[in-house]
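This is what each chain is made of:
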Amino acid sequence: MQAVPAADGTTGGAAPPVLSVHGLGVEFASARGAVRAVDGLSMQVARGEVFAIVGESGSGKSSVALAVTGLLPPSARVEGEVRLLGRDVMRMPAAERRRMAGEQAGLVCQDALSSLNPCTTVGFQIAETLMVHRGMAKRAAMQDAVRLLKLTGVPAPEERVHDYPHQFSGGMRQRALIAIALALDPALLIADEPTTALDATIKAQILDLLLRLRRDLGMSIVIITHDMGVVAKLADRMLVMYAGRAIEVGRVEEIFARPAHPYTRALLDAVPRLGRGAKDLQPIPGAPPSMQALPPGCAFHPRCPLALPRCQAEAPALVPTGAARQAACHLAIAGAAA
Ligand SMILES: Nc1ncnc2c1ncn2[C@@H]1O[C@H](COP(=O)(O)OP(=O)(O)O)[C@@H](O)[C@H]1O
Ligand code: SF4
Ligand SMILES: [Mg+2]
């Protein structure tokens, strides 16, 4: 049975959340000044939970994934706390951190489809992870690669394990990448835009695969996407990011039914719905802000149809707006208090 998360995302009782992030900050140096890609972000993912991180391109979603897995470039500055299965990975020595993150948090990167090595068989690329982390012999690791390809729904895995990436279709490559991420039997799978480059049929198949992994393995999944259809199909809870910050957090069905933040409302209005023609779609007006020069106050105020004078000066904090819900908007906070 699926665990029901409490307000703080934990399942209560003794077991710690699979992932717990507090006050995460990620800053990149750039020629045009520092970019604060993630600013004070907190989230918890319970065992067996599918948690979505959504937001427009550039809002900091991939930076969260890379910070959690310890894969940010060395030039990035990271602060805050990241706990995997209750263990504080940020305070571990670098080698131990890589090992812990590698074993407990499998990442399918955003540009993963092009990241398979064209010169090595798909099977060996899965086996390599097992040989490096588990010290397995090549033969045993290749047998496990067959098992993992089968688990991720690759047909005839005993034969396909010897194929090179160019012999795999886009959907099959995505399955192989998920197999690599699952090789060490992690508690958490982080899939960064895993369906963006795929057509509708293949996308539906990959979403079904992720749901099956949750159901059969009890796996926790963080899905990063800008596609609200993916969120609706897959996720239990969601976190909406804007300009590096969490601006709304809560259960998916509650947020879809009654978004508290004007940006979330705009994202949902931009989604095609059954019975609603394409001409009814409401594109979000304006462009995402430059991360080098964020507007003062609420970063969404230049695009917000409901902005008040105080929104230009005062950044709203992320605060509870209901049971197990949070939002960062002066209006939502006032509404929740009323
Ligand atoms: N390696 C990097 N060096 C400098 N800036 C980066 C780097 N990676 C990401 N950024 C910047 O950080 C911000 C957030 O990027 P990212 O986390 O990739 O967002 P998303 O995944 O939501 O599109 C963007 O402004 C992006 O340009
Ligand atoms: S704080 Fe103000 S500008 Fe920001 S989303 Fe809320 S109403 Fe709009
Ligand atoms: Mg990204």
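Data block above holds the structure.
Counting from 1, residues in each chain are numbered in the order their sequence is written. Written order determines the labels here, with chains lettered from A and ligands numbered from 1. Where totals are concerned, whole chains, interfaces and linings use all residues; where local detail is concerned, this predicted model gives features only for residues with pLDDT of at least 70, and gives and counts side-chain atom pairs only at 80 or more. Excluding hydrogens and water, the side-chain figures rest on all heavy atoms present in the structure.

A. Structural context of the overall build of the protein. Only runs of H or I of at least four residues qualify as helices and only runs of E of at least two qualify as strands under DSSP, and these elements are numbered from the N terminus. A tally of regular secondary structure across the protein gives 11 helices and 12 strands. Against the globule reference of 20 Å for 338 residues, the protein gives a C-alpha radius of gyration of 20 Å, in line with a compact fold. The C-alpha extent of the protein, read off along each of the three principal axes, is 65 × 50 × 50 Å. Relative to its 338 residues, the protein shows a buried fraction of 49%. Any two residues whose heavy atoms approach within 4.5 Å are treated as being in contact. Taking contacts inside the protein between residues at least 6 apart in sequence as the whole, the part at least 24 apart equals 61%. Here the open area of atoms and residues is found with the Shrake-Rupley method and a 1.4 Å probe, where only the protein chains shown may cover a residue. When the accessible surface of the protein is split by element, carbon and sulfur atoms take 56% of a total near 15,500 Å². In this treatment the radius of gyration is a C-alpha quantity, and the globule benchmark scales as 2.2 Å times the residue count to the 0.38 power. Buried, partly exposed and exposed residues are distinguished by accessible area as a fraction of the type maximum, computed with a 1.4 Å probe on protein chains only: under 20%, between the cut-offs, and over 50%, respectively.

B. Examining the nonpolar core more closely. Put simply, buried Ala, Val, Leu, Ile, Met, Phe, Trp, Tyr and Cys residues joined by side-chain atoms within 4.5 Å make one nonpolar core. With 100 residues, the main nonpolar core has Leu 19, Leu 41, Met 43 and Leu 189 as its most contacted residues. Ranked by residues supplied to this core, first place goes to helix H6 (residues 170–182) with 7 residues. When neighbours within four sequence positions are excluded, Leu 19 is seen to be in contact with Met 43, Gln 44, Val 45, Val 68, Val 82, Arg 83, Leu 84, Leu 188 and Val 222.

C. Main features of the environment of Val 252. Tracing the backbone shows Val 252 in helix H9 (residues 252–257). C-alpha separation for the pair Val 252 and Leu 234, spaced 18 residues apart in sequence, amounts to 9.5 Å. Discounting residues that sit within four places of it in the chain, Val 252 has contacts with Val 231, Ala 232, Ala 235, Asp 236, Arg 237 and Met 238.

D. Summary view of the pairing of strand E11 (residues 319–322). Pairing between E11 and strand E12 (residues 325–327): 3 bridges, direction antiparallel. Bridged to Gly 322 within E12 is Arg 325. Strands qualify as paired when DSSP identifies two bridges or more between them. Two successive antiparallel strands, E11 and E12, enclose a turn made up of 2 residues, where Ala 324 displays a positive phi of approximately 60 degrees.

E. Quick peek at the pattern of salt bridges. Here a salt bridge means any side-chain nitrogen of Lys or Arg lying within 4 Å of a carboxyl oxygen belonging to Asp or Glu. Tallied over the full model, the rule gives 20 salt bridges. We note a salt bridge from Arg 237 to Glu 49, for which the minimum N-O separation is 2.5 Å. Pair noted here: Arg 237 is in strand E9 (residues 237–242) and Glu 49 is in the loop between strand E2 (35–45) and strand E3 (50–54), with a separation of 188 residues, a long-range link. We note a salt bridge from Asp 163 to Arg 160, for which the minimum N-O separation is 2.5 Å. For Asp 163, a relative accessible area of 13% corresponds to the buried category. Salt bridges sharing partners connect three or more residues here, namely Glu 27, Arg 36, Asp 39, Arg 77, Glu 79 and Arg 245.

F. Inspection of the site of ligand 2 at higher detail. The nearness test applies per residue and asks whether one of its heavy atoms lies within 4 Å of the molecule or strand. Around ligand 2, the surrounding shell holds 13 residues, and the nearest of these are Cys 298, Cys 304, Cys 311, Cys 329 and His 330. Think of a 1 Å grid over just the protein atoms. A cavity is a set of points where a 1.4 Å probe fits yet cannot get out, a pocket is an open set with protein on both sides within 12 Å along at least five of seven lines, and lining residues have an atom within 4 Å of a point. In this description, a molecule resides in a pocket or cavity if more than half of its atoms sit within 2 Å of the grid points defining it. Judged by the proximity of its atoms to the pocket grid, ligand 2 belongs to the largest cavity. Side-chain classes are defined by residue name, with Ala, Val, Leu, Ile, Met, Phe, Trp, Tyr, Cys and Pro counting as nonpolar, Asp, Glu, Lys and Arg as charged, and the others, Gly among them, as polar. Taken together, the residues that form the shell around ligand 2 break down as 10 nonpolar, 3 polar and no charged.

G. Up close: unusual backbone geometry. Of note, the phi angle at Leu 85 is positive, near 50 degrees, even though the residue is not glycine. When you line up the elements, Leu 85 lands in the loop between strand E4 (77–84) and strand E5 (87–88). The partly exposed category is assigned to Leu 85, whose relative accessible area is 27%. Of note, Asp 185 is a non-glycine position whose phi angle comes to about 60 degrees, a positive value. With respect to the element layout, Asp 185 can be found in the loop between H6 and strand E7 (188–192).

H. Quick look at the coordination of the magnesium ion (ligand 3). Here a donor is any nitrogen, oxygen or sulfur atom (N, O, S) within 2.8 Å of the metal, with 3.2 Å used for Na, K and Ca; water is not among the atoms considered, so some sites may look incomplete. Distances from the magnesium ion (ligand 3) to its protein donors, namely Ser 62 (OG) and Gln 110 (OE1), fall within the range 2.1 Å. Of the two residues, Ser 62 is situated in helix H1 (residues 61–68) and Gln 110 in the loop between strand E6 (105–108) and helix H3 (122–134); the sequence distance between them amounts to 48 residues. Ser 62 gets classed as partly exposed once you look at its relative accessible area, which sits at 22%. The partly exposed category is assigned to Gln 110, whose relative accessible area is 44%.

I. Here's a closer look at empty space enclosed by the protein. Grid points are joined across faces, edges and corners, and a volume is the space filled by probe spheres set on the points. Applying the stated rule across the entire model yields 2 cavities of 30 Å³ or more. In this structure, the largest cavity spans a volume of roughly 100 Å³. Every residue lining the largest cavity is counted, 14 residues in all, and those nearest its centre are Pro 262, Cys 298, Cys 304, Cys 311 and Cys 329. Looking at the lining of the largest cavity residue by residue, the classes come out as 11 nonpolar, 3 polar and no charged. Empty space within the second largest cavity amounts to approximately 30 Å³. As for the second largest cavity, its lining consists of Leu 19, Met 43, Ile 53, Val 64, Ala 65, Val 68, Ile 190 and Val 222. Ranked by residue count, the leading element in the lining of the second largest cavity is H1, at 3 residues. Taken together, the residues that form the lining of the second largest cavity break down as 8 nonpolar, no polar and no charged.

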